[in-house]
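The lines below spell out each chain.
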Amino acid sequence: MRRLTLAEIGSLLVFATPTLAQTEVEPVPYPEGYRLWTHVNSMVLFENHALAEQFGGLHHVYANGLALEGLQEGSYADGAVFVFDLLEAQQSEDALTEGARKRVDVMHRNASRYASTGGWGFDTFAADSRSERLVTDGGVSCYECHTQQAEKSFVFSQWSP
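Residues numbered from 1 in each chain as written. Predicted model: local features only at pLDDT ≥ 70, side-chain atom pairs only at ≥ 80, totals over all residues. Heavy atoms only, no water.

K.L.:
Quick question: what am I supposed to make of the pattern of salt bridges here?
P.N.:
Opposite charge on two side chains permits pairing when their charged atoms draw close. A complete count under the given rule lists eight salt bridges for this structure. Arg35 serves as the salt-bridge partner of Glu98, at 3.4 Å between the closest nitrogen and oxygen. In this pair, Glu98 sits in strand β4 (residues 95–109) while Arg35 sits in the loop between α2 (20–23) and β1 (38–45), placing the two residues 63 residues apart along the sequence. Arg35 gets classed as partly exposed once you look at its relative accessible area, which sits at 37%. Close ionic contact of Asp123 with Arg133 constitutes a salt bridge, the shortest N to O distance being 2.4 Å. A residue pair is termed long-range when its members are at least 10 positions apart, and Asp123 in strand β5 (residues 120–126) and Arg133 in the loop between β5 and α5 (140–146) qualify at ten residues. With relative accessibility at 8%, the residue Asp123 sits in the buried group. (Salt bridge = Lys/Arg side-chain N within 4 Å of Asp/Glu carboxyl O. Helix = DSSP H or I, 4+ residues; strand = E, 2+ residues; numbered from the N terminus. Buried < 20%, exposed > 50% of the residue type's maximum accessible area, 1.4 Å probe, protein only.)

The following block contains the structure:
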């Protein structure tokens, strides 16, 4: 039996080992045009709320067509996308209005691509940026919170006809 040289072993390892690009999970894309999707709900978290430091302000949740179908039917097809649009809450006199955008959180369904996070890809875009991402752990911390809703396919929003 012939013994392999170190150079041959090294070559085999190079070709047998997937490249970083092949093993990384594809990032969640920015949801272009999401403000034209179906508006699911809105909420204001004031400064005394337990999640105010991270999510304080006025937020709107939008669903694309597949996400809307999922809300109605209870299961989500690949391509379903939810957006959590967080804005500063501006209060003046007797009105509460939208201020500057703080972040855009995205939940993108792809059962195989994001299998390790319940079939959902999670990401957060800073303010109005379409490229500056705030999630640094591949969505694991987002998923950990969403496990509270495992029986609802990890989705917090509810359908309200």
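Picking up where we left off.
K.L.:
Please clarify how the side chain of His60 should be interpreted in this entry.
P.N.:
Here His60 lies in strand β2 (residues 57–63). One polar contact links His60 to His39, side chain to side chain, over a distance of 3.5 Å. Within the structure, the side chain of His60 is placed 2.7 Å from the side chain of Glu98, a separation counted as a polar contact. Apart from the residues within four sequence positions on either side, His60 is in contact with Arg35, His39, Asn41, Ser42, Val83, Phe84, Asp85, Leu87 and Glu98. (Polar contact = N/O pair within 3.5 Å; in protein donor to acceptor, adjacent residues only side chain to side chain. Contact = heavy atoms within 4.5 Å.)

K.L.:
Explain the pairing of strand β3 (residues 81–92) to me, please; I cannot follow it from the model alone.
P.N.:
Successive side chains on a regular strand alternate, one facing one side of the sheet and the next facing the other. Where β2 and β3 come together, six bridges link them in antiparallel fashion. When the sheet's bridge partners are listed, Leu58 is paired in β3 with Leu87. (Pairing = 2+ DSSP bridges.)

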